[in-house]
Structures are given as C-alpha cells and as structure tokens.
Amino acid sequence: MAKTFNPEEDFPEVYKVCKLFNPSIDDLEKIKQAMDREITMGLSRDHHDRSTVPCHLSYVQDLPTGRERGQFLALEMMPTNCRIMLVKFSSERDIYTSSKCVIMPHTVAAGRGTEVFTFLATSIANFVKEKKVDKDNLPLGIAFAFTLKKLALDVGILVSWTKEFGAQGAIGKDVVQLLRDALAKFPEISVDVMGIINVGAGSLLALCWAQPDTRIGLIMGSIANSCYVERVERCETYEGDEFRRLMIINSDWAHFGDTGQLDFIRNEFDRLLDTDSINPGTRIYEKFSGALCMGELVRIIVLRLMKAGAIFAEDRRDYIGIQWKLDMVSLIEIVSDPPGVYTKAQEVMDKFRIRHCKERDLAALKYICDTVTNRAAMLVASGVSCLIDRMRLPQISIAVDGGIYRLHPTFATVLNKYTRLLANPNYNFEFVITQDSCGVGAAIMAGMAHANKYKTDAKLFTMDY
C-alpha cells in the first residue's frame, strides 16, 4: 500500500517554505480590488500612462454571431514560428482550416525589419497560389504575439520583439503597413490585409463564433495576458465612433504589480526569481502566473532546500542549479502521478542526474509543485473575477489558451474554484479551452472588418448576418 505523507510532520522544512505561497481569501480580494483600480486607470485618458494594466484598445468593436459565412486568410506571428491559414466558415458549427507552418530562418529573424516581412510576404504568396485563391483578394487578419501600440484596427506600431527576433529595423513601425508593402512586391497576387490583433483577442473571437456569449480571452503559457469586452463609454482614450458600443480590450496585465501592488504577498523566492530574470522589476504578475516562472520558482525552492539538507540531501546540485532548467513540461509530469506514486517525478529528477530518490523526497517535490501552481491559479482567479464583475453580464464564456491549463491535472479546478469564490455570484461563467487557434479569430476579424468597409458594395464580399 502506498505511503501517505503528511507535509507538516514528514518534511517540516518544506512545509514551512510552502506556507509562504498560501494567500488568504482576503489577500486575493485585495489583489482583485487593486486590479480593478489599475484597469480603471488604464482606460482613463489622464492616468493611462501610469497604470500597470494599460488596457490597450484593440479597435475590434464587433463580435461574431456564428452566422458569418465566407473564407478568409490569417497570419499567426509567434515567437518560435509563423502560420499562414485559409479559414472557411460554411455552417454554424463547421470551420474548415488549411494552414502551413513557416519556420523563419534565424538569419532573417535577426536581420533588418524589411527582411522579416519580405519573408512573410513570400510565404503568403506561395500559400495563396497553392490554394488557388491568389486572385480572390481575400481579407487577411494578423494574430500577433509581440508588443504593439494600436492606433487603429489596421495600424499597430511594433514596440518590441521577444528574444527570438533581432530585427530592430521594424521597431517603431506599423506592422500592417510593413506587410502591405512587402506584399506589393508580388503584383501577381491579391490579398487585402484588414487588421492586426493580439493572441488573446484572437482566442476570444475564435470561441465567440461558436459560443456567442464569449467575453474574455485568457492566455496562460510562457506569457500571461487577458482581453475582455468593455463598454465604449468607459474607454476614455478612444476617439472614434461614439455609436459603437463595445471594444475588445487587451489588458496587458503581465505588468500588474510593477509599482508595488503585489509586494504584500511577494516572498524571498519571488524576489530572487525577479532579481535574476532578464527583466527585473517588470512583468511581476506574469512572474506569479506564467508557466516558465512557475517552473523556475520550484527549481529555486528545491535548490534552497537541498542546500539546507531538507530534501535530496546527498544528491548532486549542478543540473538543478541551472537557471530555467525546470520547465513547464517537467512541472506537469511531476504532479501527474496518482497519489502515492512517484514514477514520473523520478523520471524528471533523472534528467537532473538525481537518481534513486526516496519517496519522501519525491512527495516533498510534488507538494512544492502543487503549492506553487495552486498559488498561480489563485492569483489568476483574482484577475479573472475582476473582469467578470466589471462586465456585469449574467452569463459569459471564457476562452482559455495555454498548456498549463490544458495539461496540469489540478490547475483548472483551482482556478475555477477561486474565481467562483471571488466573483459576484450573480454572474455565471464557464471556462472553455479554445479548440481553434488565435489565427481563426484573426480571420474572423478580417472578415468582419471587410464587411464593414465594403457594406455598400455587396459584390465585393459575402457575409450572412
């Protein structure tokens, strides 16, 4: 029979450290209220620049109903790959997607900005020719995973790349125009670039086509972000059509806490992770809830306890001492064993050259992982419940994208539990894993933008409302 361990009795040093990662309901409510204040500031004209939740306008002001029909193009631009998609909406539940993944050569990604977009335009030209839609002037939407300053639906100024890209020549320029200019070098094809959105907005729109009550997009991977649907009258930085009622907001909440809002729950391990990161003092909320940071926190805690002789006391520390070595996949494997079983946990430790571990030590490792991921889910729940209460809708769906939510055995359960505890009980919600990629949402955005632009000329585009 598998032995059951009591953390407080069987590994008290581990238990003492893990108590630092156990926020109270009052703490979570305080975080929720602080988030709401920062969102209000982010939407305001006077305080926007001082907010750690800047709430960027997406300029997406239409939501799909599920009755839209047609075919559209999309370009997904991610840190590690790009994908070109042809998306066809032919019935209420039928989305046909044909796509091609494109790996950008390092020499291109590190080159001039024009080289990046010439490469993308070449790939798009080849794709539309292959699909025999090169003369159809199909609308194209971009789903973009990098930081933008949006000025309109089809104007997005690149603020920064991630470390995979070094094309500094594109920073400060309009991504949509860069792609349009690059496509103009291929006069034999006809593509209409309609706009650009972030990954969260893409996930929201993709699910909204199938579930029209979708109002939040939640990204929980190596980055942490959200978007939600806000009333236009609250968006003081918006200067467009006052008769448009809605606006998808990119919260950009990774920076929440950058000016001290979360200091009251940060502990010495959080501060050590932040100090040793490539961006100390910034993206504090993401460092609580991002998948990479969860793994790194576990590694830091384990290394400290190993040095203190509390767990894995006689084992080597050279591999576990490597920064960022414990990734999300390893974290999920450790907690995926049934109670009292530590097979996968041992397999992970084998990667760190820590072999033939005692069950007590593996149980302690599992306890540390559960503690760190549970706290992350609780803090995300504070943010999600804040968005739910702001919208005041009787029922919404929340589009969720990210491996930690899909693959971790308890993360979704903890997130759901604490969101229900923190949100107003009058507002019902459902977390839904997005089956369609953010590129599908970008295609929907392109189709709706095209329909609005050419609504006086039905011959140019067909969309059934």
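Definitions and cut-offs
Residues numbered from 1 in each chain as written. Predicted model: local features only at pLDDT ≥ 70, side-chain atom pairs only at ≥ 80, totals over all residues. Heavy atoms only, no water. UniProt positions renumbered as here; feature names shortened; annotations may be inferred. Helix = DSSP H or I, 4+ residues; strand = E, 2+ residues; numbered from the N terminus. Buried < 20%, exposed > 50% of the residue type's maximum accessible area, 1.4 Å probe, protein only. Contact = heavy atoms within 4.5 Å. Areas by Shrake-Rupley, 256 points an atom, 1.4 Å probe, with all protein chains shown as cover. Lys, Arg positive; Asp, Glu negative; His and termini not counted. Charge placed at Lys NZ, Arg CZ, Asp CG, Glu CD. Pairing = 2+ DSSP bridges. Axes fitted to C-alpha atoms, helices over the stretch in contact; angles between N-to-C directions. pLDDT = per-residue confidence, 0-100. Polar contact = N/O pair within 3.5 Å; in protein donor to acceptor, adjacent residues only side chain to side chain. Core = buried A, V, L, I, M, F, W, Y, C linked by side-chain atoms within 4.5 Å. Salt bridge = Lys/Arg side-chain N within 4 Å of Asp/Glu carboxyl O. Parallel < 35°, antiparallel > 145°, perpendicular 65-115°, else oblique. Left-handed = near helix turned anticlockwise from the far one by under 90°. Nonpolar A, V, L, I, M, F, W, Y, C, P; charged D, E, K, R; others polar.

Per an unreviewed UniProt entry, the protein chain goes by the name Phosphotransferase and belongs to Drosophila mauritiana. UniProt's Sequence similarities (unreviewed entry) comment on the protein chain is quoted here verbatim: "Belongs to the hexokinase family."

Draft legend 1. Region of the structure containing the overall build of the protein chain. Per the secondary structure count, the protein chain includes 16 helices and 13 strands. Taken over the C-alpha atoms alone, the protein chain extends approximately 75 × 50 × 45 Å along its principal axes. Within the protein chain, the proportion of its 465 residues that are buried is 55%. Sequence separation of 24 or more characterises 70% of the internal contacts of the protein chain that already satisfy a separation of 6 or more. If you sum the accessible surface of the protein chain, you get close to 20200 Å²; carbon and sulfur atoms cover 50% of it. Each charge sign in the protein chain was given a centre, from 56 positive and 59 negative side chains, and these centres are 2 Å apart.

Draft legend 2. Spatial organisation of the sheet that holds strand E8 (residues 191–198). On the basis of which strands lie adjacent, the open sheet formed by five strands has the order E4-E3-E2-E5-E8 and mixed pairing. In this open sheet, the two strands that pair with only one neighbour each are strand E4 (94–102) and E8. Direction aside, neighbouring strands of the sheet carry axes that sit 20° apart on average. Where strand E2 (residues 70–77) meets strand E3 (residues 82–91), eight bridges bridge the pair, whose relative direction is antiparallel. The residue of E3 that forms the bridge with Glu76 is Arg83. On the sheet, helix H7 (residues 199–210) packs against E3, E4, strand E5 (138–144) and E8 and is oriented at approximately 105° with respect to E8.

Draft legend 3. Expanded view of the confidence of the model for the protein chain. Taken over all residues, the pLDDT of the protein chain has a mean of 93, while the share at 70 or more is 97%. Ignoring residues within four places in sequence, the model shows residues 456–461, a span with pLDDT below 50, making seven contacts including any to other chains.

Draft legend 4. Main features of the side chain of Arg299. For Arg299, the location among the structural elements is in helix H10 (residues 291–307). Residue classification places Arg299 among the buried residues on the basis of a relative accessible area of 6%. Within the local environment of Arg299, its side chain forms a polar contact with the backbone oxygen of Ile322, the two atoms lying 3.3 Å apart. If we ignore the near neighbours within four places in the chain, the residues touching Arg299 are Ile320, Gly321, Ile322, Gln323, Trp324, Lys325 and Leu326.

Draft legend 5. Structural context of the nonpolar core. Counting residues in hydrophobic clusters, the biggest one holds 92 residues, and the most contacted among them are Leu218, Phe312, Ile398 and Leu415. Top contributing element to this core by residue count: helix H13 (residues 359–391), with 18 residues. In this structure, Leu218 is in contact with Asn225, Ser226, Trp253, Val380, Val384, Ile398, Ala399, Val400, Asp401, Leu415 and Phe431, ignoring residues within four places of it in sequence. Grouped together as the second largest cluster of nonpolar side chains are 41 residues, Ala125, Ile142, Leu179 and Leu183 included.

Draft legend 6. Molecular detail of the sheet that holds strand E13 (residues 428–433). The strand order across the open sheet formed by six strands is E1-E11-E10-E9-E12-E13, and the pairing between neighbours is mixed. With one partner strand each, in any of the chains shown, strand E1 (56–57) and E13 form the two edges of the open sheet. The pairing of strand E12 (residues 395–401) with E13 spans six bridges and is parallel. Each bridged residue has a counterpart across the sheet, and for Ile396 the counterpart in E13 is Phe429. The strands touched by H7 are strand E9 (214–220), strand E10 (224–231), strand E11 (246–250), E12 and E13; relative to E9, the strand with the most contacts, the crossing angle is about 135°.

Draft legend 7. Structural view of the side chain of Ser226. As for its placement among the helices and strands, Ser226 is situated in strand E10. Side-chain polar atoms of Ser226 contact the side chain of Ser251, separated by 2.7 Å. With sequence-adjacent residues up to four places away left out, Ser226 is seen in contact with Gly217, Leu218, Ile249, Asn250, Ser251, Asp252, Trp253 and Leu387.

Draft legend 8. Representation of the pattern of salt bridges. Here the structure, examined in full by the defined rule, presents 22 salt bridges. Of the charged contacts in the structure, one is a salt bridge between Arg283 and Glu286, with a shortest N-O distance of 2.9 Å. Between Arg299 and Glu296 there is a salt bridge, with its nearest N and O atoms 2.8 Å apart. With Arg299 and Glu296 both in helix H10, this residue pair falls three residues apart, about one helical turn. For the pair shown, Arg299 and Glu296 are each scored as buried.

Draft legend 9. A look at the packing of H10 against H13. In contact at an axis separation of 10 Å, H10 and H13 are set at 140° when each is read in the N-to-C sense. Taken as axis vectors, H10 and H13 run oblique relative to one another. Judged by the sense of rotation from one axis to the other, the crossing of H10 with H13 is right-handed. Taken together, the residues of H13 that come into contact with H10 (itself represented by Met294, Leu297, Val298, Ile301, Val302 and Leu305) are Leu365, Ile368, Cys369, Val372, Thr373, Arg375 and Ala376. By residue class, the composition of the contact of H10 with H13 is 11 nonpolar, one polar and one charged.

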